[in-house]
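# Remarks on the overall topology
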Amino acid sequence: MASASKRKVDYFHDPDVGAYTYGIGHPMKPHRIQVAHELITAYDMLDKMQVLRAKRASAEQMTRFHTDEYVHFLNRVTPETAEELTYHGTRFLVGEDNPAFEGLFEFCSISAGGSIGAAQRIAAGSSDIAVNWAGGLHHAKKREASGFCYINDIVLGILELLRTYPRVLYIDIDCHHGDGVEEAFYTTDRVMTCSFHKFGEYFPGTGTQEDRGRGKGKGYAVNIPLKDGITDESYQSVFEPVISKILEVYRPSAVVLQCGADSLSGDKLGCFNLTMYGHSHCVQFLRQQNVPLILLGGGGYTVKNVGRTWAYETACALGIENEIDTNLPWNPYFEWFGPRYRLEVAGNNMDDLNVKDGSLDRVRINALEQLRELNP
Ligand code: ZLM
Ligand code: CA
Ligand code: ZN
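In this report, we go over the structure that sits alongside the text. (Residues numbered from 1 in each chain as written. Chains lettered and ligands numbered in written order. Predicted model: local features only at pLDDT ≥ 70, side-chain atom pairs only at ≥ 80, totals over all residues. Heavy atoms only, no water.)

### Here's the deal with the sheet that holds strand S6 (residues 221-226)
Here we have eight strands laid out as an open sheet, ordered S2-S1-S3-S8-S7-S4-S5-S6, and parallel in their pairing. Taken across any chain shown, the strands that pair with only one partner, and hence form the sheet edges, are strand S2 (50-52) and S6. The mean inter-strand angle of the sheet, taken between neighbouring strand axes irrespective of direction, is 15 degrees. Pairing between strand S3 (residues 129-132) and strand S8 (residues 293-296): four bridges, direction parallel. Each residue of the ladder has a partner; that of Asn132, found in S8, is Leu296. (Pairing = 2+ DSSP bridges. Helix = DSSP H or I, 4+ residues; strand = E, 2+ residues; numbered from the N terminus. Axes fitted to C-alpha atoms, helices over the stretch in contact; angles between N-to-C directions.)

### As for the coordination of the calcium ion (ligand 2)
With distances of 2.4 to 3.0 Å, the protein atoms coordinating the calcium ion (ligand 2) are Asp172 (O), Asp172 (OD), Asp174 (O), His176 (O), Ser195 (OG) and Phe196 (O). Considering all six donor atoms around the calcium ion (ligand 2), the spread of angles at the metal, 70 to 167 degrees, places the coordination shape in the irregular class. Mapped onto the sequence, the residues coordinating the calcium ion (ligand 2) show the spacing D-x1-D-x1-H-x18-S-F. One end of the pair, His176, is in the loop between strand S4 (168-172) and helix H6 (179-184); the other, Ser195, is in strand S5 (residues 191-198), and 19 residues separate them in sequence. Pair check on accessibility: His176 and Ser195 agree, each one buried. (Donors = N, O, S within 2.8 Å, 3.2 Å for Na, K, Ca; no water. Tetrahedral: all angles 85-135°; square planar, octahedral: opposite > 155°, others 65-115°. Buried < 20%, exposed > 50% of the residue type's maximum accessible area, 1.4 Å probe, protein only.)

### Things to note about the pattern of salt bridges
Under the defined criterion, the tally for this structure stands at 18 salt bridges. Residue Arg53 pairs with Asp16 through a salt bridge whose shortest N-O separation is 3.6 Å. With Arg53 in the loop between S2 and helix H2 (59-62) and Asp16 in the loop between strand S1 (9-12) and helix H1 (31-42), the pair connects residues that are 37 residues apart, well separated along the chain. Assessed through its relative accessible area of 35%, Asp16 is described here as partly exposed. We note a salt bridge from Arg64 to Glu160, for which the minimum N-O separation is 2.9 Å. Linking Arg64 in the loop between H2 and helix H3 (68-76) with Glu160 in helix H5 (residues 153-162), this pair joins segments that are 96 residues apart in sequence. Looking at Arg64, the relative accessible area reads 39%, which means it is partly exposed. The exposure class assigned to Glu160 is buried, which follows from its relative accessible area of 9%. Each of Asp14, Asp16, Arg53, Arg56 and Glu106 takes part in one network of salt bridges that share partners. (Salt bridge = Lys/Arg side-chain N within 4 Å of Asp/Glu carboxyl O.)

Structure representation (structure tokens):
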């Protein structure tokens, strides 16, 4: 298939998802998914793809990865009972990162339902690219919430793909390390995980290049630790060769791309300097590979830029990005997008610490070395 040719795209969206809130002042805002959706709508993309409202994931589906006790807890907890509800004397939800907000379990069901649904549609051959911007919550662990994530929709989606496919590649361009997904598949060669992330005095603190998997999974976890200020050019100079090499040696049957938007320039929690184009290039690059693809959300804390980027990446999935007018069309949030009212996320003049000390070259060489050792 030529790169310009069309793909069947499934777009999972639940009209309720934007109404959930983690609480006043919390950086994670589900509303950004609704903002992206309004731009996608305003750009007339809905009639170019299959728009699906996923079946919400059941507690039982969640226990394919999480423990019964943990899922049961999430299903019962309310803002009022969070303090008392314990499991073996330890609280599941600790601290401000993971509050017990109103509708928490429903929110998790929507996020996970979309990623499981995306995996089912891909595995059935019903679509070429499936999109779930409510997914991508990569920090959630088997029995623990972490970093704004409660249920790991990504792991659940990959487990669904593994029912059909022998090998799945997971790529994570969120500014944070994709630790929950890496941990879930750390000892298997049926899933290769590859996370690009800020490393060094940054949450969650894992993801060095020495962490490569264990047992049968040895070599199948790839980590690309980065420093502040990485630009489009620098990012591409490591993303393309590493992902190309993975595709060559691993030959995945499907790819799951976590498109965390906190790697964009100007993100409230991130520290990279990617423009919308640099971020979206990762989507374009994978679309060109003609491998079944799932696009998920993730982080992203400067709401307008998240909306812009995920809308543009939806256009990339459709292959219509060159027809997009970068002057924003009218939409319910139009006023927010001033003063320029454009579909853009510009870079800034911060230093790229990855090139200053040559660490980017070392990281690339190291990763390629790891991949060369994989095939005997
Ligand atoms: N404190 N409110 C990325 C997940 C990042 C752990 C330091 C909490 C925040 C942050 C929460 C107002 C993904 C840590 C932070 C303050 C212990 C993190 C609530 C501000 C606020 O103002 C805040 C009620 C909150 C949380 C900042 N937390 C910034 N960074 C990280 C988690 C998730 O993007 O990768 C995928 C969705 N947590 O650094 C602390 C160590 C808790
Ligand atoms: Ca990452
Ligand atoms: Zn993040």
